[in-house]
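# Close look at the chain arrangement
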Amino acid sequence: MDLFTEGDPIADARAPQGPIETRWDRRRFEAKLVNPANRRKLTVIVVGTGLAGGSAAATLAEQGYRVRSYCYQDSPRRAHSIAAQGGINAAKNYRNDGDSVHRLFYDTVKGGDFRSRESNVHRLAEVSVNIIDQCVAQGVPFAREYGGLLDTRSFGGAQVQRTFYARGQTGQQLLLGAYQALERQIGLGNVEMNARHEMLELIVVDGRARGIVVRDLVTGEITSEFADAVVLASGGYGNVFYLSTNAKGCNVTATWRAHRRGAYFANPCYTQIHPTCIPVSGDHQSKLTLMSESLRNDGRVWVPNAKGDDRAPKDIPEEERDYYLERIYPSFGNLVPRDIASRAAKNVCDAGRGVGPGGLGVYLDFADAIDRLGRKAIEAKYGNLFEMYERITGEDPYEVPMRIYPAVHYTMGGLWVDYDLQSTIPGLFVVGEANFSDHGANRLGASALMQGLADGYFVLPNTIANYLAAGPFERVDASHPEAVAARRDVEDRIRRLLAVDGDRTVDSFHRELGQIMWEHCGMERSEAGLRKAIDEIRALREEFWKRVRVPGDGDGLNQSLEKAGRVADFFELAELMCVDALHREESCGGHFRAEHQTPDGEAQRDDDRFAYVAAWEYTGGDEPAVLHKEDLKFEYVHPTQRSYK
Ligand SMILES: Cc1cc2nc3c(=O)[nH]c(=O)nc-3n(C[C@H](O)[C@H](O)[C@H](O)COP(=O)(O)OP(=O)(O)OC[C@H]3O[C@@H](n4cnc5c(N)ncnc54)[C@H](O)[C@@H]3O)c2cc1C
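Residues numbered from 1 in each chain as written. Predicted model: local features only at pLDDT ≥ 70, side-chain atom pairs only at ≥ 80, totals over all residues. Heavy atoms only, no water.

### Structural notes on the UniProt feature "domain: FAD-dependent oxidoreductase 2 FAD-binding" (unreviewed entry) in the protein chain
- The UniProt entry lists residues 44–449 under the feature "domain: FAD-dependent oxidoreductase 2 FAD-binding" (unreviewed entry), expressed in the numbering used here.
- Strand forms 20% of residues 44–449 and helix 29%; the C-alpha atoms that close the span are 23 Å apart. (UniProt positions renumbered as here; feature names shortened; annotations may be inferred. Helix = DSSP H or I, 4+ residues; strand = E, 2+ residues; numbered from the N terminus.)

### Notes on the pattern of salt bridges
- If you walk through the whole model with that rule in mind, you get 66 salt bridges.
- The partner of Glu572 in a salt bridge is Arg260, and the shortest N-O contact between them spans 2.7 Å. In this pair, Glu572 is assigned in helix H16 (residues 559–583) and Arg260 in helix H7 (residues 253–260), connecting sequence segments 312 residues apart.
- Classification of Arg260 by relative accessible area gives partly exposed; the value is 31%.
- Residue Glu595 pairs with Arg593 through a salt bridge whose shortest N-O separation is 2.9 Å. (Salt bridge = Lys/Arg side-chain N within 4 Å of Asp/Glu carboxyl O. Buried < 20%, exposed > 50% of the residue type's maximum accessible area, 1.4 Å probe, protein only.)

### Quick word on the site of the ligand
- Lining the immediate surroundings of the ligand are 37 residues, of which Gln73, Ser81, Gly86, Met199 and Glu433 lie closest.
- Within the backbone of Gln85, an N or O atom sits 3.1 Å from a nitrogen atom of the ligand.
- Measuring from an oxygen atom of the ligand, one finds a backbone N or O atom of Ala448 at 3.0 Å.
- When the free accessible area of the ligand is taken as 1,000 Å², the share hidden by the protein chains comes to 98%.
- Of the residues belonging to the shell around the ligand, the class tally is 17 nonpolar, 17 polar and 3 charged. (Near = heavy atom within 4 Å. Polar contact = N/O pair within 3.5 Å; in protein donor to acceptor, adjacent residues only side chain to side chain. Areas by Shrake-Rupley, 256 points an atom, 1.4 Å probe, with all protein chains shown as cover. Nonpolar A, V, L, I, M, F, W, Y, C, P; charged D, E, K, R; others polar.)

### So, the sheet that holds strand E13 (residues 271–277)
- Read from one edge of the open sheet, 5 strands run E13-E17-E16-E14-E15, paired in antiparallel fashion. The open sheet is flanked by E13 and strand E15 (321–322), the only strands paired with a single partner.
- Judged from the 3 bridges that link them, strand E14 (residues 300–304) and strand E16 (residues 362–365) form a sheet pairing that is antiparallel. Residue pairing for E16: Trp302 is matched across the bridge by Tyr363.
- Each of E13, E14, E16 and strand E17 (402–411) touches helix H9 (residues 338–350); the most contacted strand, E13, lies at about 65° to it. (Pairing = 2+ DSSP bridges. Contact = heavy atoms within 4.5 Å. Axes fitted to C-alpha atoms, helices over the stretch in contact; angles between N-to-C directions.)

### A few points about the environment of Leu243
- Relative to the elements of secondary structure, Leu243 occurs in the loop between strand E11 (229–232) and H7.
- For Leu243 and Tyr324, which are 81 residues apart along the polypeptide, the C-alpha to C-alpha distance reads 27 Å.
- Apart from the residues lying within four places of it in its own chain, the contact partners of Leu243 are Val280, Gln285, Ser286, Lys287, Leu288 and Val408.

### Here we look at the environment of Trp416
- Counting through the fold element by element, Trp416 comes out in the loop between strand E18 (414–415) and strand E19 (428–430).
- Given the relative accessible area of 3%, Trp416 is considered buried.
- Distance from Trp416 to Asn267, taken between C-alpha atoms, is 8.5 Å for residues 149 residues apart in sequence.

### Describing the pairing of E13
- The buried count for E13 comes to 7 of 7 residues, which makes it a mostly enclosed element.
- Of the strand pairs in this sheet, E13 and E17 are connected by 5 bridges, and their pairing is antiparallel. Bridge assignment links Gln272 to a residue of E17, and that residue is Tyr410.

### Details of the state of the cysteines
- Tallied over the entire structure, the rule returns 0 disulfides.
- The thiol of Cys349 is unpaired, and the distance to the nearest cysteine sulfur, on Cys277, comes to 13 Å.
- Since its relative accessible area comes to 9%, Cys349 is described here as buried.
- With no disulfide of its own, Cys588 lies 6.8 Å from the sulfur of Cys269, the closest cysteine sulfur.
- A relative accessible area of 0% means that Cys588 is categorised as buried. (Disulfide = S-S within 2.5 Å.)

### Description of helix H11 (residues 375–393)
- End to end, H11 covers just 20 Å across 19 residues, shorter than the expected 27 Å (1.5 Å per residue, more than 12% under).
- At Tyr382, H11 is bent by approximately 85°, the largest bend along its length.
- Considered for burial, the residues of H11 that qualify are Ile378, Tyr382, Gly383, Asn384, Leu385, Phe386 and Tyr389.
- Where the residues of H11 are buried, they touch strand E5 (152–153), helix H10 (367–373) and E17. (Expected span 1.5 Å × (residues − 1). Bend = angle between axes of the 7 residues up to and from the residue.)

### Remarks on the environment of Arg123
- Residue placement: Arg123 occurs in helix H5 (residues 118–138).
- Given the relative accessible area of 2%, Arg123 is considered buried.
- Sequence separation of Arg123 and His591 is 468 residues, and the distance between their C-alpha atoms is 25 Å.
- Residues in contact with Arg123, not counting those within four places in the same chain, are Trp24, Tyr419, Leu421 and Val459.

### Structural notes on the nonpolar core
- If you look at the biggest cluster of nonpolar residues, it comprises 184 residues, and the most contacted ones within it are Ile88, Leu202 and Leu428.
- No other element matches the 14 residues that H16 contributes to this core.
- Once residues within four sequence positions are removed from consideration, Ile88 is found in contact with Ile131, Ile132, Phe142, Arg162, Thr163, Phe164, Thr170, Leu174, Ala446, Leu449, Met450 and Leu453.
- Ranked by size, the runner-up nonpolar core spans 5 residues in total, among them Trp302, Ile316, Val355 and Tyr363. (Core = buried A, V, L, I, M, F, W, Y, C linked by side-chain atoms within 4.5 Å.)

Structure (structure tokens):
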């Protein structure tokens, strides 16, 4: 059987034309409005309370819509966004170092290896400046300089200092800002908050998204919930690899269920492997820890010159060290983008020059910075990260260089959305990491928080009105045949999972799936490897449905059952990721095909054949997925071989 077929091309019908600086203003002006009195009659479901969902729900409620918010954690403020460490970009140019909206736009299009939409990225750069004002007004305690001005630092892929931060806890502080705005609206009765509820299905009626089926994770009760529109802000799917820097709960179920109901899934193979994570230490591990990219402002990455040199780092003299990023990429040095830094780390380790157990590590060394700035200054900038590193590894990074290695971190793929952030199902909007977003084939550091908050505070609240202006839509309740069918699907699936009663844990399947994905669809992919992976995923999925053991029942809290449902969806997603990676016979950003590289080992794009977004349609599982191509046009930043040298 063919792995996929090609369908009609897809176009972004909402994308405005004209000079790029005017497009967002024009779209906002041309979009229909809903008058304040009518907003009270319209209900919006928002799934997710991270930076994207929390900011969207708070803003929509502030505007006067009735919002119903869902998350699976026990509190909205435990969303995975809380883990974000390093910072958030904005084109404020407070440093007067040559930054501008256009430069942020340029860096992001180039950083994404020319696989993102120019219009979207420009809008993101414009809105970035509003985000900082919004968050400062909320009281987010961004780092400040001695004189009181907001401080900034550098992140990869940029030569300016545009990253605003709150020590190594930027996500936490930003999320507390969004959370307090959300709580205010909950207090006012404008948001109905449903924590510990997991969306397990989308309800589509007459071609429109009209609701969701949720399971109360405490009581096990399954209910159907309705609204005039549904917003998914359910985050990324990096945990398909089992080991990743994501919170353990992150999963694909919300977007995958929507995909199965008709929403196209775009660029699933674009995965970001972050270069600075604490290396894997053994088979027992279920989670990897990020060491923020911000550390590369002051930390220098190196390995010994000689293969197999196992001397302690302090015993390796300066002239016997290879500061390989500074050597290969002199103009960006340690702050090359993540895809480039990760591959470079892999290359030196593959060449036998890696450090630490198994040779899968490189040093991130702060000795120079401590000499130059003093320990106190380093502590003030990165104290909590250093402490975290020491707690996990038992080594003091003020004294010994950190050891780091690349790990799965972020997924650029997600549900396809148009300029209005609407999916291919009318009334289903997707924000934050859950959409295929603005990052192309590689996301620059400190851009996810920017995109999530841009979507939630500024973009969606404007664009969704254009859709809601046609509402309120005809009332739907749980007796509608589509709602009954969606709910029955959820119940059947839970029954099936419990009925297998096999002899292998959910985690053991998930771990094995992750190993297949890391080996064949991770930092480097090849045709043979991807074909092998697809066969192995199919075989393992079959085994899952015969041998998985889910103890307990569905009538109450059952975390094995929750995990089993999520892993079942990961199996289906994993196959699509491999098909997408196989069909894209080029290398770009986070997608590195061994067959397509430049003579010096950089990603070799093929713009003639692949300058498009791959939007995949679900066909029922037994039929091959259908590929719809959205052509990308570059009028302002012309595609070139990316160079950070
Ligand atoms: C360790 C780490 C550090 C990072 N640091 C940075 C950084 O410094 N700068 C930066 O820009 N980016 C950073 N990122 C990336 C960034 O944190 C994420 O991309 C971003 O926070 C995602 O936000 P989100 O709102 O889209 O999703 P999330 O924060 O993941 O929120 C998802 C929400 O959806 C809910 N949900 C999901 N599925 C369901 C379901 N089926 N039913 C009900 N609810 C559901 C969850 O409960 C949660 O509330 C970092 C990522 C990691 C892992």
